[in-house]
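Examination of the molecular architecture
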Amino acid sequence: MKPLISFVFLLFLSCSGIDLIEDYVPPTLRITTTIEKAPVGASFKLNAFYFNNIGDRVEDASIQWTSSNPEIIFIETTGKATTKMEGTAQLTAQTVSEEGTTIEAKISISVISNVILNPDPETMIPYTEENDNTISASRTPTLDITNSISEIFEQTSYQFEVDFQGENENATPELNWSSSDDTILEVDENGLVTAITSGVATVTVSVVVSDTTILVQNYIEVIAIMMETKTSYSGNLETKSGYTLEGSFTLSETDDGLLLSLGEDYKASITLPGLYVYLSNNLNTTQQAFEIGAVSVFSGAHSYQLPTSIGLMDYQYLLYWCKPFNVKVGEAKIYD
């Protein structure tokens, strides 16, 4: 019995190299919406959370938003953003800590075109059958959409421009616009198209000259908005004790929630008693951390499926903890 007691005592001493744990961490503001690119004309809500000096999230924190260039991205103080034109803007979330210190978090978002221009407009204008009162747009007088497109993101708008060449250069004809399917793509009397939902539709512009209708068409595909977002973070485990703990990890979004995957290079000492893994916002304690569970695999690739209630950026650190003695064994930073 004495050898067992001595072993546990020595294990406790080696595992508890730090006698006192300091729980304080600098308060932080974290933007949890990880958008990297968005098309012109898109609207989305950015979220940010304030974490206090022990790493707890403060639910009722007052957060204000600003944009470095409102002409590119306009953002309301509540975090609702609208992209206006191509370019890059930095969005800043700001709050005040309990100590009265102003804390900021920033995110840069690139705004890309919401349309794909026609590489060869002729291939995108369907054949138009002629009759007694209709002629094609290629004959004099002529009508042309000078900025025709092949694709447009849904929930965005685009202004068409038209060139009309007639015998009377000073005459301004009345243009008539229509869409083959208003449920997919709407167009107003000025040639402003608004993409409603994914699908295909044809926009037609026509003009009547001397009782003859001239028309030109643009076949367009409306595509779903696919804003480029960050969906995973990777890093490496680092031991903070005399025990082996190493290897790579990836935290990624899946249809079933977050998945924490450890790589083939993962190794942990099998002699550790009660080794547990946690997600935390504080490197110094597992209080308020999310306990993933006891470590049962000590070598090689394996994974943990996490609850859908946990977001990709809810926690900043991965902790390996000697639970019986409440001492950290190792850690990893999930993201900066």
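My aim in this report is to walk through the structure given alongside it, one point at a time.

Conventions adopted
Along each chain, the written sequence defines residue order, and numbers are assigned to residues from 1. Per-residue local features are limited, in this predicted model, to residues with pLDDT of at least 70; the limit for side-chain atom pairs, both in listing and counting, is 80 or more; totals at the level of whole chains, interfaces and linings are taken over all residues. For the side-chain quantities, the full set of heavy atoms in the structure was used; hydrogens and water were omitted. When the centres of two rings from Phe, Tyr and Trp lie within 6.5 Å, Trp using its six-membered ring, the rings pair. Their planes under 30 degrees apart give stacked, over 60 give edge-to-face, and anything left gives tilted. Helix numbers and strand numbers start at the N terminus; a helix is a DSSP run of H or I with at least 4 residues, a strand a run of E with at least 2. Accessible area is worked out with a 1.4 Å probe on protein chains only. A residue is then buried under 20% of its type maximum, exposed over 50%, and partly exposed in between. As a reminder, the over-ring test applies to NZ of lysine and CZ of arginine, requiring each to be within 6 Å of the ring centre and within 35 degrees of the ring normal. Strand pairing is assigned whenever DSSP identifies at least 2 bridges connecting the two strands. Any two residues having at least one pair of non-hydrogen atoms within 4.5 Å are treated as being in contact. For salt bridges, the criterion is a side-chain nitrogen of Lys or Arg within 4 Å of an Asp or Glu carboxyl oxygen.

Let us now look at the packing of aromatic side chains. A complete count under the given rule lists 5 aromatic pairs for this structure. A ring pair is formed by F160 and W177, whose centres lie 5.8 Å apart and whose planes are at 5°; its orientation type is stacked. Of this pair, F160 sits in the loop between β15 (157–159) and β16 (162–165) while W177 sits in strand β17 (residues 176–179), and the two are 17 residues apart along the sequence. We classify F160 as buried; its relative accessible area is 3%. On the basis of relative accessibility, which here comes to 13%, the residue W177 falls in the buried class. A ring pair is formed by Y233 and Y335, whose centres lie 5.2 Å apart and whose planes are at 35°; its orientation type is tilted. Here Y233 is found in strand β23 (residues 232–239), whereas its partner Y335 is found in the segment after β31 (327–333), with 102 residues between them in sequence. Judged on exposure class, the residue Y233 and its partner Y335 are both buried. What links up through ring pairs into an aromatic cluster is the set Y158, F160 and W177. When the ring centre of F49 is taken as reference, the NZ or CZ atom of R57 above it lies at 3.9 Å.

It is worth spelling out the sheet that holds strand β4 (residues 48–51) at this point. Here we have 3 strands laid out as an open sheet, ordered β1-β4-β5, and antiparallel in their pairing. Every interior strand has two partners, whereas the edge strands, β1 (28–31) and β5 (57–58), have only one. Two elements, β4 and β5, share 2 bridges in a ladder whose sense is antiparallel. Its bridge partner lying in β5, F51 is registered against R57.

Attention now goes to the side chain of S252. Residue placement: S252 occurs in strand β24 (residues 245–254). For S252, the residues in contact, after removing those within four places along its chain, are T231, S232, G257, L258 and L259.

Here we take up the environment of F249. Summarising the element assignment, F249 is placed in strand β24. Judged by its relative accessible area of 2%, F249 is buried. Sequence separation of F249 and A301 is 52 residues, and the distance between their C-alpha atoms is 9.3 Å. Once residues lying within four places of it in the same chain are set aside, the contact partners of F249 are Y233, S234, G235, N236, L260, S261, L262, L318, A332, K333 and I334.

Going through the model one piece at a time under the given rule, you end up with 6 salt bridges. Among the ionic pairs, E59 bridges to R57, the shortest N-O distance being 3.1 Å. Exposure remark for R57: the relative accessible area of 33% places this residue in the partly exposed category. Notably, a salt bridge pairs D336 with K333, separated by 3.6 Å at the nearest N-O pair. Judged by its relative accessible area of 81%, D336 is exposed.

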